[in-house]
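A look at the structure
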Amino acid sequence: MTTTTHATPVTGAVGTAHTRVEGRDKVTGAARYAGEFRFDELAHGWLALSTVTRGRIRSIETAPVLAMPGVLAVLHHGNAPRVNTDYEGIAGKPDPSIAILQHDRVAHAGWPVALVVAETPEQAREAAEALVVEYDEEPHDVAFSAGHPDAYTPGDSPLGAADTSKGDLDAELAASAVVVDAEYTTPEEHHSALEPHATTARWDGGRLDVLDSNQSTVFTAMELANMFSLDPASVRVRSEHVGGGFGSKLVRANQVGAVMAATVLQRPVRVVMTRRQMFSLVGYRSPTAQRVRLGADTDGRLRAFDHQGASLTSTVHEFVEACSGYGRAMYDADAHRTTTRLVPLDVPTPTFMRAPGEAPGSFALESALDELAEKCGLDPIELRARNEPEVGPVSGLPFSSHNLLACFEDGARRFGWAGRDPRPGVRRDGRWLLGTGTAASTFPVIAGPSTAGVTAEADGTFTVRINASDIGTGARTALTLVAAEALGAEPADVRVHIADSDLGLAMFAGGSAGTRSWAWAVTRAASELRDRLAVGGAIPPEGITVRSDTSELLATLAQKERHSYGAQFAEVAVDVTTGEVRVRRMLGVFAAGRIVNPLTARNQFVGGMTWGLSMALHEEAFRDQASGATVGGDLAGYHVAAHADVPSIEAHWVDDPDPDDPVGIKGIGEIGIVGGAAAIANAVWHATGVRHRHLPIRPDRVL
Ligand code: MOS
């Protein structure tokens, strides 16, 4: 077994700005995405989705459609290959809605009822839109509220306990000099990656070859092997370039449909989703309803902490938007309680969406803390400083590092927080009321087992093989820098191969843990290779390869509270005649581990903060109670922040290397969105004197 080698910076590659190594391929169109591969005999599948929200399929009139030009097949519950859903995958039991075309039940609007396959995408689409499906409709319920009669407490999951409790909450609330008791809601929100979900699948000499857009080729391959009862070694999934994921790009109807059709037709088949289909097929962030009760002494010290979170799930699968988990490692109190409620409705199953739990949870809690600071007459940063926990409030575990206050100090200095007049509604600029706000941010730091191979080539260059996924984050470039540093080589002499399930087990691109997990494995292999090369001797033509596996190491890592932190600041202007809120500037300072590539890291932070702005002011999917479907489920109807909405956004970071990670990485993918909406809502209060506890802060709500 190899020892853990803490790489000494040699080239200084880590920490230097580096443009994406695949950037030229991307901007010249040489990079191929999953829906762009050409094969002889390539056929095109188009999903037909239900127009009702709940019921049974009575009939599907396939004959007229099969007679249309180019149509090759209409797969539906009566003829599609059966798939297995009775297995425990990496993420537990699969969502039955991914196992498409298996039965006649419709569980939500936009449920896949058929896959039409044709010679061209246009023919497939025309036929799918002409397909007549009749339903026996049943009444549906899509109305979410925390008090819904079917609300229940879910079981504990690997992502956390449903409920936590310590101390006597009622007694501490009663003994508190200052109490905040407020309800917050966040709406249904959708991720819509620039590259829609897409798959090209084919049988290649007895092997299933899948070119796909996903956040983990190995996860996708294992799920497909399970569902289609295949030997895992006979499934290969590749996703060399991925245009965004955000939690939505796991196994979906596109992969399952493409494999089904490729199997039935014995031809390569491509399935690409439309932007509208993504609104019902790829998951989304559940709406939340949260109640926060905080009790404090007059000096702001928390005595009572209660965060009650409710979200929805589908009737076929359980997903929890764990918003009440946010405060479990953030704020301590003599009595501390967090609860989770879930409401099953006739809607698509929600899923992970950038900072699942933390994004809506931080909106409620960081807004409530601002209310508490106001009531205590304390600066909101000072309130947080007075409530810094010594150990994990719920876990009791020590923190590996805890640099929240360093973020606030640096952020306050850069933003110009000192001397802020705390009174709300007193600053004017013509018809605009002005205000500033702040909020804290945190995200857990995790790592998943990964394997890597590093080869010293005979020509003096190096090749790294790791099953990472670069979903647009710049992971491939970060790993090039990490490998270069560990090898003592120039980045130009290191090539990195990623996103091929044949490369073996590796962490998925999620949980802000991809780069950290992969870099750990790459560093181990590279360091050992370097030691071996130091001994000297000629390199054979096939090179010298060292492989690493971090699973054993990670399993024995000491239990600690490991987190990234951030301080978010916003300045807003509120138009008193129209109710429009304009964010004039946002500034975030993060303690998120050692930054591998400042260029792409800044993209991640600023992208997350932009999403926080969008969440605060724009994003909201309307689910029509009568039809059960989202209204305007596309990027025309679903408002996201456009360039004109996004002012100067600055992201900075403080020195915060993770003490356990060989490179010092923590992970930066999600923390940028956390706390952003609260900082803006708190700034809107400071501008107007009115608390906004329901997102988005639309003009009609402001007036
Ligand atoms: Mo992220 S929501 O873990 O893909």
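Bear in mind that the values here come from a model prediction, so they are computed numbers and not experimental data.

Let us now look at the sheet that holds strand 19 (residues 462-466). Here four strands make up an open sheet; going across it, the order is 20-19-18-21 and the pairing mixed. Since the sheet does not close on itself, it has two edges, and those belong to strand 20 (494-497) and strand 21 (544-549), each with one partner. With strand direction ignored, the average angle separating the axes of adjacent strands in the sheet is 15°. Along the sheet, helix 11 (residues 475-487) makes contact with strand 18 (451-456), strand 19 and strand 20, crossing strand 20 at roughly 135°. This element, helix 12 (residues 514-534), spans strand 18, strand 19 and strand 21 of the sheet and lies at about 35° to strand 18.

We now examine the confidence of the model for the protein. Low-pLDDT stretches of the model should not have their predicted coordinates read in fine detail. Of all residues in the protein, 98% attain a pLDDT of 70 or more, and the chain-wide mean is 96. Low pLDDT, under 50, characterises residues 1-9; the predicted model gives this stretch 17 contacts beyond four residues in sequence or across chains.

We now examine the sheet that holds strand 23 (residues 581-591). Read from one edge of the open sheet, five strands run 16-17-22-23-26, paired in mixed fashion. Pairing within the sheet leaves two strands with one partner each, and these edge strands are strand 16 (428-429) and strand 26 (648-653). Bridge count for strand 16 against strand 17 (residues 432-444) is two bridges, and the pairing is antiparallel. The residue bridging Arg428 from the neighbouring strand is Leu433, located in strand 17. Each of strand 17, strand 22 (563-575), strand 23 and strand 26 is contacted by helix 10 (residues 404-415), which is oriented at about 135° to strand 23, the strand it contacts most. Its contacts with the sheet place helix 15 (residues 676-688) against strand 17, strand 22 and strand 23, and it is angled at close to 155° to strand 17.

Moving on, we come to the packing of helix 11 against helix 12. Packing of helix 11 against helix 12 brings their axes to within 8 Å, and their N-to-C directions diverge by 30°. One finds that helix 11 runs roughly parallel with respect to helix 12. Handedness of the helix 11/helix 12 crossing: right-handed. Taken together, the residues of helix 12 that come into contact with helix 11 (itself represented by Ala475, Ala478, Leu479, Val482, Ala483, Ala486 and Leu487) are Gly514, Thr515, Trp518, Ala519, Val522, Thr523, Ala526, Ser527, Leu529 and Arg530. Across the contact of helix 11 with helix 12, the residue classes break down as twelve nonpolar, four polar and one charged.

Here we take up the nonpolar core. Core analysis: the biggest nonpolar cluster contains 200 residues, and Val116, Leu479, Val482, Ala483, Val522 and Ile680 have the highest contact counts within it. Ile680 has contacts with Gly437, Ala570, Val572, Val583, Leu613, Ala616 and Leu617, leaving out every residue within four places of it along the chain.

With numbering aligned to this structure, UniProt lists the feature "domain: Aldehyde oxidase/xanthine dehydrogenase a/b hammerhead" (unreviewed entry) at residues 28-139. Helix makes up 14% of residues 28-139 and strand makes up 31%, while its end C-alpha atoms are separated by 51 Å.

The two faces of strand 20 differ: Val494 and Val496 on one face are buried, but Arg495 and His497 on the other face are not. Sheet topology note: the strand 19/strand 20 ladder contains four bridges and is parallel. Across the sheet, Thr463 pairs through a bridge with Arg495, a residue of strand 20. Handedness of the crossover joining strand 19 and strand 20 through helix 11 is recorded here as right-handed.

Glancing now at the domain arrangement of the protein. Interface size, as often reported, equals the accessible area lost upon joining of the parts. For the protein, the assigned domains read domain 1 (23-29 + 448-555), domain 2 (39-139 + 194-244 + 249-281) and domain 3 (164-189 + 284-445 + 560-702). The partner domain 3 presents 17 residues to the 14 residues of domain 1 that form the contact. Where the side of domain 1 that touches domain 3 is concerned, the elements lending two or more residues are helix 11 and helix 12. When residues of the side of domain 1 that touches domain 3 are assigned to their parent elements, the largest contribution, five residues, is made by helix 12. Across the side of domain 1 that touches domain 3, the residue classes break down as six nonpolar, seven polar and one charged.

Another point: unusual backbone geometry. Residues Leu695 and Pro696 are joined by a peptide bond in cis, for which omega reads -5°. Mapping Pro696 onto the fold places it in the loop between helix 15 and helix 16 (699-702). In this model, Leu101 sits at a positive phi of 65°, which is unusual for a non-glycine residue. Tracing the sequence through the fold places Leu101 in the loop between strand 3 (71-76) and strand 4 (105-106). We classify Leu101 as buried; it has 23 C-beta atoms within 10 Å. Its identity as a non-glycine residue notwithstanding, Phe246 has a phi of 65°, on the positive side. Structurally, the position occupied by Phe246 is in the loop between strand 11 (235-238) and helix 6 (253-265). You can call Phe246 buried: it has 28 C-beta atoms within 10 Å.

In this section: the pairing of strand 15 (residues 335-345). Counted residue by residue, strand 15 has nine buried out of eleven residues, so it is predominantly covered. Two elements, strand 7 (residues 164-166) and strand 15, share three bridges in a ladder whose sense is antiparallel. Bridge assignment links Ser165 to a residue of strand 15, and that residue is Arg337. With eleven bridges joining them, strand 14 (residues 302-314) and strand 15 adopt parallel strand pairing. In the strand pairing of strand 15, His307 is matched with Thr338.

Turning our eyes to something else, we now look at the environment of His336. Secondary-structure assignment places His336 in strand 15. For His336, a count of 23 C-beta atoms within 10 Å translates into the label buried. When the C-alpha atoms of His336 and Glu172 are compared, they prove to be 9.6 Å apart, with 164 residues separating the residues in sequence.

Attention now goes to the environment of Ser216. Relative to the helices and strands, Ser216 resides in the loop between strand 10 (207-212) and helix 5 (217-227). Distance in space between the C-alpha atoms of Ser216 and Glu183 is 37 Å, their sequence separation being 33 residues. Beyond its immediate chain neighbours, meaning those up to four positions away, Ser216 contacts Ser469, Phe508 and Ala509.

What counts, and at which threshold
Residues numbered from 1 in each chain as written. Predicted model: local features only at pLDDT ≥ 70, side-chain atom pairs only at ≥ 80, totals over all residues. Pairing = 2+ DSSP bridges. Helix = DSSP H or I, 4+ residues; strand = E, 2+ residues; numbered from the N terminus. Axes fitted to C-alpha atoms, helices over the stretch in contact; angles between N-to-C directions. Contact = placed C-beta atoms within 7 Å. pLDDT = per-residue confidence, 0-100. Parallel < 35°, antiparallel > 145°, perpendicular 65-115°, else oblique. Left-handed = near helix turned anticlockwise from the far one by under 90°. Nonpolar A, V, L, I, M, F, W, Y, C, P; charged D, E, K, R; others polar. Core = buried A, V, L, I, M, F, W, Y, C linked by C-beta atoms within 7 Å. Buried ≥ 20, exposed ≤ 12 C-beta atoms within 10 Å, placed from the backbone. UniProt positions renumbered as here; feature names shortened; annotations may be inferred. Right-handed = clockwise from strand over helix to strand, strands pointing away. Domains from an automatic or database assignment.

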